[in-house]
Amino acid sequence: MTRFPSRRALAGLALSAALAVGLSARPAAAQTVDEIKKKGVLNVGMLVDFPPFGITSLDGKPDGFDADIAKELAKSLGVRANIVPVTGPNRIPYLLTGQVDVLVASLAVTPERAKQVAFSDPYAGIRIVVYGKVGAAVKEPADLKKFAVGVARASTQDVSLSAIAPEGTNIRRFDDDASAVQALLSGQVDVIGAATPVVGEIEKIAPKGAFDTKITLREQVHGIALRPGQDDLMKAVNAFVAQQAASGALNTTFRKWLNTDLPELKKPAI
Amino acid sequence: MSFTLRFGPVFEAWRELAAGVWLTLQLSASAMLIGLLVAVVCAWAKVFGPRWSGWIVNVYVEVIRNTPFLVQIFFIFFGLPAAGIRLSPDVAALAALVVNVGAYATEIIRAGIQSIHTGQIEAGLALGLRPVQVFRLVIIKPALRAVYPALTSQFILLMLSSSVVSAISADDLTSVANNIQSRTFTSFEVYIVVTLIYLVLSLAFAGAFRAIDRRVFSYPVAR
(Lines give C-alpha, C1' and ligand atoms only; values in the text may rest on other atoms or scores of the structure.)
Protein backbone atom coordinates (compact mmCIF):
# COMPACT_ATOMS: atom_id res chain seq x y z
CA MET A 1 0.00 0.00 0.00
CA THR A 2 1.27 3.43 -0.85
CA ARG A 3 2.09 5.41 2.22
CA PHE A 4 1.28 9.08 1.86
CA PRO A 5 3.50 11.55 3.67
CA SER A 6 1.97 12.56 6.96
CA ARG A 7 0.43 15.98 7.34
CA ARG A 8 3.27 17.00 9.63
CA ALA A 9 5.89 15.97 7.10
CA LEU A 10 4.07 17.97 4.44
CA ALA A 11 3.93 21.03 6.69
CA GLY A 12 7.64 20.69 7.36
CA LEU A 13 8.31 20.43 3.66
CA ALA A 14 6.23 23.54 2.94
CA LEU A 15 8.03 25.43 5.69
CA SER A 16 11.49 24.51 4.46
CA ALA A 17 10.47 25.39 0.90
CA ALA A 18 9.30 28.78 2.12
CA LEU A 19 12.56 29.27 4.00
CA ALA A 20 14.61 28.27 0.99
CA VAL A 21 12.73 30.75 -1.19
CA GLY A 22 13.19 33.43 1.45
CA LEU A 23 16.92 32.77 1.63
CA SER A 24 17.55 32.58 -2.08
CA ALA A 25 15.52 35.77 -2.58
CA ARG A 26 18.16 37.61 -0.55
CA PRO A 27 20.26 39.31 -3.19
CA ALA A 28 24.01 39.06 -3.25
CA ALA A 29 24.48 42.73 -2.48
CA ALA A 30 28.06 43.93 -2.43
CA GLN A 31 28.76 46.60 0.15
CA THR A 32 32.49 47.18 -0.24
CA VAL A 33 35.11 47.47 -2.96
CA ASP A 34 36.69 44.23 -1.75
CA GLU A 35 33.42 42.34 -2.08
CA ILE A 36 32.96 43.68 -5.62
CA LYS A 37 36.52 42.75 -6.59
CA LYS A 38 35.97 39.29 -5.17
CA LYS A 39 32.77 38.92 -7.19
CA GLY A 40 34.58 40.28 -10.26
CA VAL A 41 31.46 42.08 -11.42
CA LEU A 42 29.78 45.39 -10.64
CA ASN A 43 25.99 45.30 -10.95
CA VAL A 44 24.94 48.68 -12.29
CA GLY A 45 21.32 49.83 -12.55
CA MET A 46 20.76 51.97 -15.63
CA LEU A 47 17.83 53.54 -17.48
CA VAL A 48 17.51 52.34 -21.05
CA ASP A 49 14.65 54.68 -21.99
CA PHE A 50 16.33 58.02 -21.42
CA PRO A 51 18.25 58.90 -24.57
CA PRO A 52 20.99 59.72 -24.99
CA PHE A 53 22.00 58.90 -21.40
CA GLY A 54 20.50 55.45 -21.49
CA ILE A 55 19.38 53.70 -24.65
CA THR A 56 19.19 50.21 -26.06
CA SER A 57 21.63 49.72 -28.92
CA LEU A 58 20.64 48.11 -32.22
CA ASP A 59 21.85 44.73 -30.99
CA GLY A 60 19.67 45.02 -27.88
CA LYS A 61 22.36 45.96 -25.35
CA PRO A 62 22.19 48.91 -22.93
CA ASP A 63 24.14 51.83 -24.35
CA GLY A 64 24.49 55.58 -24.01
CA PHE A 65 26.33 58.05 -21.79
CA ASP A 66 25.45 56.21 -18.57
CA ALA A 67 26.54 52.88 -20.06
CA ASP A 68 29.94 54.33 -20.99
CA ILE A 69 30.34 55.76 -17.49
CA ALA A 70 29.22 52.48 -15.90
CA LYS A 71 31.77 50.50 -17.93
CA GLU A 72 34.56 52.98 -17.10
CA LEU A 73 33.60 52.82 -13.41
CA ALA A 74 33.77 49.03 -13.42
CA LYS A 75 37.09 49.18 -15.27
CA SER A 76 38.50 51.55 -12.65
CA LEU A 77 37.58 48.96 -10.01
CA GLY A 78 39.14 46.21 -12.10
CA VAL A 79 35.90 44.31 -12.64
CA ARG A 80 33.30 43.70 -15.34
CA ALA A 81 30.14 45.84 -15.53
CA ASN A 82 26.86 43.95 -15.49
CA ILE A 83 24.27 46.49 -16.60
CA VAL A 84 20.77 45.88 -15.25
CA PRO A 85 18.03 47.86 -17.01
CA VAL A 86 15.81 49.71 -14.50
CA THR A 87 12.95 52.18 -14.91
CA GLY A 88 12.38 55.60 -13.40
CA PRO A 89 9.97 54.39 -10.71
CA ASN A 90 11.85 51.22 -9.73
CA ARG A 91 15.47 52.31 -9.84
CA ILE A 92 15.74 53.31 -6.15
CA PRO A 93 13.94 50.13 -4.95
CA TYR A 94 16.37 48.11 -7.12
CA LEU A 95 19.30 49.74 -5.34
CA LEU A 96 17.84 49.57 -1.83
CA THR A 97 16.87 45.91 -2.12
CA GLY A 98 20.36 45.01 -3.32
CA GLN A 99 19.46 43.95 -6.88
CA VAL A 100 22.20 46.30 -8.05
CA ASP A 101 25.36 47.62 -6.36
CA VAL A 102 25.21 51.15 -7.75
CA LEU A 103 22.90 53.24 -9.91
CA VAL A 104 24.32 55.09 -12.89
CA ALA A 105 20.77 55.89 -13.91
CA SER A 106 20.63 59.62 -14.65
CA LEU A 107 19.49 59.99 -11.06
CA ALA A 108 19.18 63.69 -10.29
CA VAL A 109 20.48 64.72 -6.90
CA THR A 110 17.49 65.85 -4.81
CA PRO A 111 17.02 66.26 -1.05
CA GLU A 112 14.17 63.69 -1.01
CA ARG A 113 16.32 61.06 -2.68
CA ALA A 114 19.34 61.91 -0.53
CA LYS A 115 17.31 60.63 2.44
CA GLN A 116 17.14 57.21 0.79
CA VAL A 117 20.40 56.86 -1.13
CA ALA A 118 23.94 58.22 -0.93
CA PHE A 119 25.00 60.36 -3.90
CA SER A 120 28.47 60.62 -5.38
CA ASP A 121 29.85 63.88 -6.75
CA PRO A 122 27.90 64.85 -9.90
CA TYR A 123 28.99 63.29 -13.19
CA ALA A 124 26.45 64.91 -15.55
CA GLY A 125 23.83 67.63 -15.68
CA ILE A 126 20.75 68.71 -17.64
CA ARG A 127 17.84 71.15 -17.68
CA ILE A 128 14.19 70.20 -17.14
CA VAL A 129 11.74 72.19 -19.27
CA VAL A 130 8.09 72.36 -20.17
CA TYR A 131 7.91 71.53 -23.86
CA GLY A 132 4.91 71.22 -26.13
CA LYS A 133 2.66 72.30 -28.96
CA VAL A 134 3.52 75.70 -30.40
CA GLY A 135 -0.13 76.72 -29.94
CA ALA A 136 -0.11 76.02 -26.21
CA ALA A 137 0.61 79.35 -24.51
CA VAL A 138 2.58 78.55 -21.36
CA LYS A 139 4.43 81.69 -20.24
CA GLU A 140 4.35 80.96 -16.52
CA PRO A 141 3.46 78.01 -14.27
CA ALA A 142 -0.13 79.28 -13.73
CA ASP A 143 -0.82 78.76 -17.46
CA LEU A 144 -0.32 75.00 -17.06
CA LYS A 145 -3.84 74.71 -15.67
CA LYS A 146 -5.29 75.26 -19.15
CA PHE A 147 -3.56 72.22 -20.66
CA ALA A 148 -3.17 68.47 -20.32
CA VAL A 149 0.38 67.98 -19.06
CA GLY A 150 2.19 64.69 -19.55
CA VAL A 151 5.14 63.56 -17.45
CA ALA A 152 7.04 60.40 -16.55
CA ARG A 153 5.86 59.24 -13.15
CA ALA A 154 8.28 59.70 -10.25
CA SER A 155 10.87 61.47 -12.42
CA THR A 156 12.49 64.76 -11.47
CA GLN A 157 10.26 66.28 -14.16
CA ASP A 158 7.25 65.00 -12.21
CA VAL A 159 8.48 66.43 -8.91
CA SER A 160 9.33 69.86 -10.34
CA LEU A 161 6.11 70.03 -12.37
CA SER A 162 3.96 69.01 -9.43
CA ALA A 163 5.71 71.63 -7.30
CA ILE A 164 4.91 74.58 -9.58
CA ALA A 165 1.71 73.53 -11.36
CA PRO A 166 -1.40 75.18 -9.89
CA GLU A 167 -3.90 73.07 -7.93
CA GLY A 168 -6.20 71.13 -10.26
CA THR A 169 -3.80 70.95 -13.20
CA ASN A 170 -4.50 67.93 -15.38
CA ILE A 171 -1.16 66.13 -14.90
CA ARG A 172 -1.13 62.76 -16.70
CA ARG A 173 1.57 60.47 -15.30
CA PHE A 174 3.05 57.81 -17.59
CA ASP A 175 5.42 54.99 -16.71
CA ASP A 176 8.36 56.39 -18.64
CA ASP A 177 9.55 59.25 -20.81
CA ALA A 178 8.88 57.28 -23.98
CA SER A 179 5.15 57.05 -23.17
CA ALA A 180 4.95 60.72 -22.17
CA VAL A 181 6.62 61.71 -25.44
CA GLN A 182 4.28 59.39 -27.34
CA ALA A 183 1.33 61.08 -25.63
CA LEU A 184 2.62 64.47 -26.81
CA LEU A 185 3.23 63.25 -30.37
CA SER A 186 -0.21 61.65 -30.64
CA GLY A 187 -1.89 64.73 -29.18
CA GLN A 188 -3.12 63.06 -25.99
CA VAL A 189 -1.41 65.81 -23.99
CA ASP A 190 -0.58 69.41 -24.96
CA VAL A 191 2.74 69.82 -23.18
CA ILE A 192 5.14 67.58 -21.29
CA GLY A 193 7.75 68.03 -18.63
CA ALA A 194 10.98 66.77 -20.17
CA ALA A 195 14.73 66.96 -19.87
CA THR A 196 16.73 68.77 -22.55
CA PRO A 197 18.23 65.57 -24.06
CA VAL A 198 14.73 64.16 -24.55
CA VAL A 199 13.68 67.42 -26.20
CA GLY A 200 16.65 67.01 -28.54
CA GLU A 201 15.43 63.53 -29.47
CA ILE A 202 11.86 64.74 -30.07
CA GLU A 203 13.08 67.50 -32.38
CA LYS A 204 14.82 64.87 -34.49
CA ILE A 205 11.55 63.03 -35.23
CA ALA A 206 8.79 65.64 -34.83
CA PRO A 207 7.60 67.80 -37.74
CA LYS A 208 9.51 71.09 -37.88
CA GLY A 209 7.88 73.91 -35.94
CA ALA A 210 5.25 71.76 -34.22
CA PHE A 211 6.66 72.03 -30.71
CA ASP A 212 8.77 74.48 -28.72
CA THR A 213 10.26 74.93 -25.26
CA LYS A 214 8.05 76.89 -22.88
CA ILE A 215 9.70 77.41 -19.50
CA THR A 216 12.63 76.01 -17.55
CA LEU A 217 11.56 74.11 -14.45
CA ARG A 218 14.94 73.40 -12.97
CA GLU A 219 18.53 72.63 -13.68
CA GLN A 220 19.81 69.44 -12.17
CA VAL A 221 22.94 67.39 -11.75
CA HIS A 222 23.15 63.60 -11.82
CA GLY A 223 24.96 61.57 -9.22
CA ILE A 224 25.94 57.93 -9.00
CA ALA A 225 23.75 56.50 -6.25
CA LEU A 226 24.82 53.99 -3.60
CA ARG A 227 23.13 52.48 -0.59
CA PRO A 228 23.77 54.42 2.62
CA GLY A 229 26.74 52.90 4.43
CA GLN A 230 28.75 51.91 1.36
CA ASP A 231 31.37 54.46 2.44
CA ASP A 232 34.37 52.59 1.14
CA LEU A 233 32.76 52.14 -2.29
CA MET A 234 31.68 55.79 -2.27
CA LYS A 235 35.31 56.87 -1.86
CA ALA A 236 36.27 54.79 -4.88
CA VAL A 237 33.36 56.18 -6.94
CA ASN A 238 34.17 59.79 -6.04
CA ALA A 239 37.83 59.22 -6.90
CA PHE A 240 36.69 57.81 -10.25
CA VAL A 241 34.48 60.84 -10.97
CA ALA A 242 37.26 63.26 -9.98
CA GLN A 243 39.77 61.44 -12.18
CA GLN A 244 37.35 61.39 -15.15
CA ALA A 245 36.60 65.11 -14.76
CA ALA A 246 40.28 66.07 -14.38
CA SER A 247 41.44 64.06 -17.39
CA GLY A 248 38.71 65.50 -19.60
CA ALA A 249 37.36 62.00 -20.31
CA LEU A 250 34.01 62.91 -18.74
CA ASN A 251 33.55 65.84 -21.09
CA THR A 252 34.63 63.75 -24.09
CA THR A 253 32.01 61.11 -23.27
CA PHE A 254 29.39 63.82 -22.71
CA ARG A 255 30.21 65.41 -26.08
CA LYS A 256 30.05 62.02 -27.75
CA TRP A 257 26.43 61.53 -26.71
CA LEU A 258 25.00 65.06 -26.29
CA ASN A 259 26.97 67.12 -28.83
CA THR A 260 27.55 69.79 -26.22
CA ASP A 261 30.00 70.49 -23.41
CA LEU A 262 29.31 69.30 -19.91
CA PRO A 263 27.66 72.10 -17.92
CA GLU A 264 29.20 73.24 -14.66
CA LEU A 265 28.53 70.54 -12.08
CA LYS A 266 28.02 71.69 -8.54
CA LYS A 267 26.66 69.25 -5.99
CA PRO A 268 23.63 70.92 -4.40
CA ALA A 269 23.54 71.31 -0.64
CA ILE A 270 21.46 68.40 0.61
CA MET B 1 20.81 45.37 5.67
CA SER B 2 18.03 46.16 8.07
CA PHE B 3 14.67 47.17 6.72
CA THR B 4 11.93 48.97 8.61
CA LEU B 5 8.43 48.93 7.21
CA ARG B 6 6.80 52.36 7.19
CA PHE B 7 3.07 52.11 6.59
CA GLY B 8 2.32 55.66 7.79
CA PRO B 9 2.77 57.40 4.42
CA VAL B 10 0.66 54.72 2.72
CA PHE B 11 -2.30 55.09 5.04
CA GLU B 12 -2.04 58.88 4.92
CA ALA B 13 -2.80 58.59 1.21
CA TRP B 14 -6.02 56.64 1.81
CA ARG B 15 -8.11 59.11 -0.15
CA GLU B 16 -6.01 58.52 -3.26
CA LEU B 17 -6.14 54.77 -2.69
CA ALA B 18 -9.93 54.91 -2.32
CA ALA B 19 -10.20 56.85 -5.58
CA GLY B 20 -7.98 54.26 -7.24
CA VAL B 21 -10.10 51.39 -5.91
CA TRP B 22 -13.23 53.14 -7.18
CA LEU B 23 -11.83 53.56 -10.71
CA THR B 24 -10.61 49.94 -10.76
CA LEU B 25 -14.08 48.79 -9.63
CA GLN B 26 -15.87 50.96 -12.19
CA LEU B 27 -13.57 49.89 -15.03
CA SER B 28 -13.80 46.19 -14.13
CA ALA B 29 -17.54 46.04 -13.54
CA SER B 30 -18.37 48.03 -16.69
CA ALA B 31 -15.94 46.00 -18.77
CA MET B 32 -17.46 42.75 -17.46
CA LEU B 33 -21.02 43.82 -18.36
CA ILE B 34 -20.24 45.31 -21.78
CA GLY B 35 -17.74 42.55 -22.51
CA LEU B 36 -20.39 39.92 -21.72
CA LEU B 37 -22.77 41.54 -24.21
CA VAL B 38 -20.03 41.70 -26.85
CA ALA B 39 -19.17 38.06 -26.21
CA VAL B 40 -22.78 36.82 -26.42
CA VAL B 41 -23.29 38.63 -29.73
CA CYS B 42 -19.97 37.35 -31.10
CA ALA B 43 -20.63 33.79 -29.92
CA TRP B 44 -24.07 33.92 -31.58
CA ALA B 45 -22.47 35.17 -34.80
CA LYS B 46 -19.92 32.41 -34.67
CA VAL B 47 -22.34 29.55 -34.08
CA PHE B 48 -25.62 30.65 -35.70
CA GLY B 49 -24.73 33.72 -37.77
CA PRO B 50 -24.00 33.88 -41.49
CA ARG B 51 -20.58 32.64 -42.57
CA TRP B 52 -19.11 36.15 -43.08
CA SER B 53 -19.98 37.18 -39.51
CA GLY B 54 -18.26 34.08 -38.20
CA TRP B 55 -15.15 35.03 -40.14
CA ILE B 56 -15.13 38.57 -38.70
CA VAL B 57 -15.51 37.21 -35.17
CA ASN B 58 -12.73 34.70 -35.76
CA VAL B 59 -10.34 37.45 -36.87
CA TYR B 60 -11.30 39.59 -33.86
CA VAL B 61 -10.88 36.74 -31.37
CA GLU B 62 -7.59 35.50 -32.79
CA VAL B 63 -6.03 38.97 -33.06
CA ILE B 64 -6.94 39.86 -29.49
CA ARG B 65 -6.08 36.53 -27.92
CA ASN B 66 -2.69 36.39 -29.62
CA THR B 67 -1.40 39.88 -28.82
CA PRO B 68 -0.36 41.34 -25.46
CA PHE B 69 -2.91 43.45 -23.59
CA LEU B 70 -0.37 46.23 -23.09
CA VAL B 71 0.08 46.54 -26.85
CA GLN B 72 -3.70 46.64 -27.35
CA ILE B 73 -4.12 49.43 -24.83
CA PHE B 74 -1.22 51.41 -26.37
CA PHE B 75 -2.80 50.95 -29.77
CA ILE B 76 -6.12 52.38 -28.60
CA PHE B 77 -4.61 55.27 -26.62
CA PHE B 78 -1.61 56.27 -28.76
CA GLY B 79 -2.55 54.81 -32.13
CA LEU B 80 -6.18 55.76 -32.64
CA PRO B 81 -5.52 59.55 -32.43
CA ALA B 82 -3.73 59.12 -35.79
CA ALA B 83 -7.12 58.03 -37.15
CA GLY B 84 -8.78 61.03 -35.52
CA ILE B 85 -10.25 59.10 -32.57
CA ARG B 86 -8.93 60.64 -29.37
CA LEU B 87 -10.12 58.91 -26.21
CA SER B 88 -9.45 60.09 -22.67
CA PRO B 89 -7.29 57.70 -20.60
CA ASP B 90 -10.30 56.32 -18.68
CA VAL B 91 -12.40 55.72 -21.81
CA ALA B 92 -9.44 54.23 -23.68
CA ALA B 93 -8.83 51.91 -20.70
CA LEU B 94 -12.47 50.79 -20.66
CA ALA B 95 -12.49 50.25 -24.43
CA ALA B 96 -9.32 48.16 -24.26
CA LEU B 97 -10.67 46.04 -21.38
CA VAL B 98 -13.99 45.45 -23.18
CA VAL B 99 -12.29 44.49 -26.43
CA ASN B 100 -9.93 42.18 -24.58
CA VAL B 101 -12.39 40.38 -22.31
CA GLY B 102 -14.94 40.23 -25.13
CA ALA B 103 -12.59 38.07 -27.20
CA TYR B 104 -11.80 35.61 -24.41
CA ALA B 105 -15.42 35.40 -23.25
CA THR B 106 -16.60 34.81 -26.84
CA GLU B 107 -14.75 31.50 -26.95
CA ILE B 108 -15.98 30.53 -23.47
CA ILE B 109 -19.60 31.26 -24.35
CA ARG B 110 -19.28 29.57 -27.75
CA ALA B 111 -18.21 26.44 -25.90
CA GLY B 112 -21.26 26.81 -23.66
CA ILE B 113 -23.62 27.21 -26.61
CA GLN B 114 -22.18 24.18 -28.37
CA SER B 115 -22.73 22.12 -25.23
CA ILE B 116 -26.50 22.59 -25.69
CA HIS B 117 -28.02 19.50 -27.27
CA THR B 118 -29.69 20.05 -30.65
CA GLY B 119 -32.72 18.20 -29.32
CA GLN B 120 -33.17 20.83 -26.63
CA ILE B 121 -33.23 23.62 -29.24
CA GLU B 122 -35.68 21.65 -31.41
CA ALA B 123 -37.84 21.10 -28.32
CA GLY B 124 -37.93 24.85 -27.74
CA LEU B 125 -38.99 25.47 -31.35
CA ALA B 126 -41.57 22.68 -31.12
CA LEU B 127 -43.09 24.38 -28.09
CA GLY B 128 -43.80 27.37 -30.34
CA LEU B 129 -41.16 29.71 -28.91
CA ARG B 130 -39.92 32.36 -31.30
CA PRO B 131 -36.20 32.10 -32.33
CA VAL B 132 -35.27 35.03 -30.07
CA GLN B 133 -36.97 33.31 -27.13
CA VAL B 134 -35.27 30.04 -27.96
CA PHE B 135 -31.87 31.78 -27.99
CA ARG B 136 -32.57 33.64 -24.74
CA LEU B 137 -34.28 30.91 -22.71
CA VAL B 138 -33.24 27.58 -24.21
CA ILE B 139 -29.74 28.30 -25.43
CA ILE B 140 -27.93 31.17 -23.76
CA LYS B 141 -29.12 30.71 -20.17
CA PRO B 142 -28.14 27.04 -19.86
CA ALA B 143 -25.02 27.80 -21.90
CA LEU B 144 -23.96 30.52 -19.44
CA ARG B 145 -24.76 28.18 -16.59
CA ALA B 146 -22.53 25.50 -18.08
CA VAL B 147 -19.53 27.80 -18.50
CA TYR B 148 -20.19 30.02 -15.48
CA PRO B 149 -17.04 29.06 -13.51
CA ALA B 150 -14.77 29.61 -16.52
CA LEU B 151 -16.50 32.89 -17.34
CA THR B 152 -16.24 34.31 -13.84
CA SER B 153 -12.58 33.41 -13.45
CA GLN B 154 -11.98 35.19 -16.77
CA PHE B 155 -13.76 38.22 -15.28
CA ILE B 156 -11.58 38.17 -12.17
CA LEU B 157 -8.53 37.91 -14.41
CA LEU B 158 -9.88 40.98 -16.20
CA MET B 159 -10.05 42.88 -12.90
CA LEU B 160 -6.44 41.98 -12.16
CA SER B 161 -5.18 42.80 -15.65
CA SER B 162 -6.86 46.21 -15.38
CA SER B 163 -3.72 47.16 -13.42
CA VAL B 164 -2.05 47.62 -16.81
CA VAL B 165 -4.14 50.72 -17.57
CA SER B 166 -1.77 52.78 -15.41
CA ALA B 167 0.53 52.70 -18.46
CA ILE B 168 -1.74 55.17 -20.26
CA SER B 169 -2.06 57.38 -17.16
CA ALA B 170 -5.51 56.20 -16.08
CA ASP B 171 -5.47 56.64 -12.31
CA ASP B 172 -6.49 53.14 -11.21
CA LEU B 173 -5.34 51.41 -8.02
CA THR B 174 -1.95 50.41 -9.45
CA SER B 175 -1.34 53.88 -10.83
CA VAL B 176 -2.13 55.40 -7.43
CA ALA B 177 0.22 52.90 -5.80
CA ASN B 178 2.99 53.89 -8.22
CA ASN B 179 2.38 57.57 -7.47
CA ILE B 180 2.50 57.01 -3.71
CA GLN B 181 5.62 54.88 -3.81
CA SER B 182 7.43 57.33 -6.07
CA ARG B 183 6.63 60.17 -3.68
CA THR B 184 7.36 58.43 -0.39
CA PHE B 185 9.80 55.66 -1.44
CA THR B 186 7.71 53.15 0.51
CA SER B 187 7.44 50.77 -2.43
CA PHE B 188 7.31 47.55 -0.47
CA GLU B 189 4.69 48.86 1.95
CA VAL B 190 2.50 50.32 -0.81
CA TYR B 191 2.55 47.10 -2.80
CA ILE B 192 1.75 45.00 0.27
CA VAL B 193 -1.31 47.16 0.89
CA VAL B 194 -2.35 47.20 -2.76
CA THR B 195 -1.86 43.45 -3.10
CA LEU B 196 -4.20 42.94 -0.14
CA ILE B 197 -6.72 45.35 -1.69
CA TYR B 198 -6.65 43.41 -4.98
CA LEU B 199 -7.10 40.18 -3.03
CA VAL B 200 -10.12 41.61 -1.22
CA LEU B 201 -11.56 42.90 -4.50
CA SER B 202 -11.10 39.48 -6.13
CA LEU B 203 -12.79 37.74 -3.21
CA ALA B 204 -15.62 40.29 -3.28
CA PHE B 205 -16.17 39.73 -7.00
CA ALA B 206 -16.04 35.96 -6.45
CA GLY B 207 -18.65 36.32 -3.69
CA ALA B 208 -20.87 38.45 -5.92
CA PHE B 209 -20.57 35.89 -8.70
CA ARG B 210 -21.61 33.10 -6.31
CA ALA B 211 -24.65 35.16 -5.23
CA ILE B 212 -25.61 35.69 -8.88
CA ASP B 213 -25.10 31.97 -9.49
CA ARG B 214 -27.52 31.08 -6.67
CA ARG B 215 -30.16 33.59 -7.82
CA VAL B 216 -30.05 33.04 -11.57
CA PHE B 217 -28.84 29.52 -12.17
CA SER B 218 -30.30 27.57 -9.25
CA TYR B 219 -32.92 25.66 -11.19
CA PRO B 220 -32.88 21.87 -11.29
CA VAL B 221 -31.68 20.10 -14.39
CA ALA B 222 -32.24 16.52 -15.46
CA ARG B 223 -29.09 14.58 -15.96
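Residues numbered from 1 in each chain as written. Chains lettered and ligands numbered in written order. Predicted model: local features only at pLDDT ≥ 70, side-chain atom pairs only at ≥ 80, totals over all residues. Heavy atoms only, no water.

S.K.: So what about the overall build of chain A? Which residues, and what values?
M.R.: Scanning chain A from N- to C-terminus turns up ten helices and ten strands. Among the 270 residues that make up chain A, the fraction classed as buried is 49%. Taking the contacts inside chain A whose residues are at least 6 apart along the sequence as the reference set, 71% of them involve residues at least 24 apart. Carbon and sulfur atoms form 56% of the exposed surface of chain A, whose accessible area is close to 12,900 Å². (Helix = DSSP H or I, 4+ residues; strand = E, 2+ residues; numbered from the N terminus. Buried < 20%, exposed > 50% of the residue type's maximum accessible area, 1.4 Å probe, protein only. Contact = heavy atoms within 4.5 Å. Areas by Shrake-Rupley, 256 points an atom, 1.4 Å probe, with all protein chains shown as cover.)

S.K.: Help me get a handle on the nonpolar core, residues and values and all.
M.R.: Core analysis: the biggest nonpolar cluster contains 138 residues, and L42, F65, V102, V104, Y123 and I224 of chain A together with I109 of chain B have the highest contact counts within it. Of the residues forming this core, the biggest block, 14 residues, is contributed by helix α7 (residues 131-161) of chain B. When residues are assigned to domains, this core turns out to be shared by domain 1 (33-125 + 221-258) and domain 2 (127-219) of chain A, each giving three or more. Residue contacts for L42 of chain A: discarding those within four places in its chain leaves I36, L73, A74, L77, V79, R80, A81, N82, D101 and V102 of chain A. (Core = buried A, V, L, I, M, F, W, Y, C linked by side-chain atoms within 4.5 Å. Domains from an automatic or database assignment.)

S.K.: Quick one: what's the story with the packing of helix α2 (residues 14-47) of chain B against helix α5 (residues 89-114) of chain B, residue by residue and with numbers?
M.R.: Each packed pair of helices is defined by two parameters, the angle between the axes and the distance between the axes. Residues and elements named next belong to chain B. Relative orientation of the contacting elements α2 and α5 amounts to 45 degrees, with a least axis distance of 6 Å. Of the possible angle classes, the one that applies to α2 and α5 is oblique. You can see that α2 and α5 cross each other, and the crossing is right-handed. (Axes fitted to C-alpha atoms, helices over the stretch in contact; angles between N-to-C directions. Parallel < 35°, antiparallel > 145°, perpendicular 65-115°, else oblique. Left-handed = near helix turned anticlockwise from the far one by under 90°.)

S.K.: Could you give me a rundown of the packing of aromatic side chains, with the residues and numbers involved?
M.R.: Tallied over the entire structure, the rule returns 15 aromatic pairs over all chains. Ring centres of Y131 of chain A and F211 of chain A lie 6.0 Å apart, and the angle between their planes is 45 degrees; this geometry places the pair in the tilted category. Of this pair, Y131 of chain A sits in strand β6 (residues 118-133) while F211 of chain A is found in strand β10 (residues 211-226), placing the two residues 80 residues apart along the sequence. In this structure, Y131 of chain A and F211 of chain A share a single accessibility class: buried. Taken together, the aromatic side chains of F50, F53, F65, Y123 and F254 of chain A make up a single cluster linked through ring pairs. Above the ring of Y219 of chain B, the side-chain terminus of R145 of chain B is found at 4.7 Å from the ring centroid. (Phe/Tyr/Trp six-rings, centres within 6.5 Å; stacked < 30°, edge-to-face > 60°. Lys NZ or Arg CZ within 6 Å of the ring centre and 35° of its normal.)

S.K.: So what's going on with the environment of R80 of chain A? Which residues, and what values?
M.R.: Residue and element names in this part refer to chain A. Looking at where R80 falls in the secondary structure, it is placed in strand β4 (residues 80-86). According to the relative accessible area criterion, R80 is exposed, its value standing at 54%. Along the backbone, R80 and N43 are 37 residues apart, and their C-alpha atoms lie at a distance of 8.7 Å. Among all residues touching R80, those that are not within four sequence positions of it are G40, V41, L42 and A74.

S.K.: Residue-level account of the interface of chain B and chain A, with values.
M.R.: The accessible area lost on association of the parts is a frequent measure of interface size. Facing 22 residues of chain B, the contacting portion of chain A comprises 20 residues. Summed over both partners, the interface of chain B with chain A buries about 1,700 Å², with 53% contributed by carbon and sulfur atoms. Counting every contact that joins chain B to chain A gives one salt bridge. Run the count over chain B and chain A and you get nine residue pairs in polar contact (both at pLDDT 80 or more). A per-element tally of the side of chain B that touches chain A places helix α8 (residues 173-184) of chain B first, with five residues. (Buried area = accessible area lost by both parts, 1.4 Å probe. Salt bridge = Lys/Arg side-chain N within 4 Å of Asp/Glu carboxyl O. Polar contact = N/O pair within 3.5 Å; in protein donor to acceptor, adjacent residues only side chain to side chain.)

S.K.: Any details on the pairing of strand β7 (residues 148-152) of chain A? Residues and values, ideally.
M.R.: All names here are of chain A. Within β7, five of the five residues are buried, which leaves it mostly tucked inside the rest of the structure. Burial along β7 is two-sided: A148, G150 and A152 facing one way and V149 and V151 facing the other are all buried. Examined bridge by bridge, β7 and strand β8 (residues 170-174) share five bridges and lie parallel to one another. Bridge assignment links A152 to a residue of β8, and that residue is F174. You can see the chain leave β7, run along helix α6 (residues 156-164) and come back into β8, and the turn it takes is right-handed. (Pairing = 2+ DSSP bridges. Right-handed = clockwise from strand over helix to strand, strands pointing away.)

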